[in-house]
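What the coordinates show
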Amino acid sequence: VTVPGATVGAAARTIRLAVVEWTEVRDTSGRLDRRPVVETTLVLGPIRRRVRLTLTDRADMTYALLIGRSALGRVLVDPSSRFRLPGTAPRARRKS
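1. Observations regarding the pattern of salt bridges
Where side chains of opposite charge bring their charged atoms close, a pairing between them can arise. The full count for this structure, using the stated rule, is five salt bridges. E21 is the salt-bridge partner of R52, the closest N and O atoms lying 2.9 Å from each other. With R52 in strand β5 (residues 47-54) and E21 in strand β3 (residues 19-26), this residue pair connects regions lying 31 residues apart in the sequence. By relative accessible area, which is 46% here, R52 ends up partly exposed. Judged by its relative accessible area of 36%, E21 falls in the partly exposed class. The salt bridge involving R52 is made with E39; its shortest N-O contact spans 3.6 Å. Of the two residues, R52 is situated in strand β5 and E39 in strand β4 (residues 32-44); the sequence distance between them amounts to 13 residues. A cluster of three or more residues bridged by salt bridges with shared partners is formed by E21, E39, R50 and R52.

Scoring rules and cut-offs
- Residues numbered from 1 in each chain as written.
- Predicted model: local features only at pLDDT ≥ 70, side-chain atom pairs only at ≥ 80, totals over all residues.
- Heavy atoms only, no water.
- Salt bridge = Lys/Arg side-chain N within 4 Å of Asp/Glu carboxyl O.
- Helix = DSSP H or I, 4+ residues; strand = E, 2+ residues; numbered from the N terminus.
- Buried < 20%, exposed > 50% of the residue type's maximum accessible area, 1.4 Å probe, protein only.

Here it is in structure tokens:
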């Protein structure tokens, strides 16, 4: 699987994970989509959790990864705020 870089502007990389199982998920059009499930570690600042993710091609989507409530656990999300962890804000572009 090729995944985007861990930080804004970082290069994409290819990783290999074992498929734990296959599951059926309804896509945004309501169609059933069979997807592989992998297990990995989700790191959000000081929080580290083992999570299961379903994989799908999101190349044409705005966000490369969607993190659901079960993966977040008891994390409080403020949707009006962005880049709350130090070093996560995108770098300013230099004018040429």
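Having seen the model, we can carry on.
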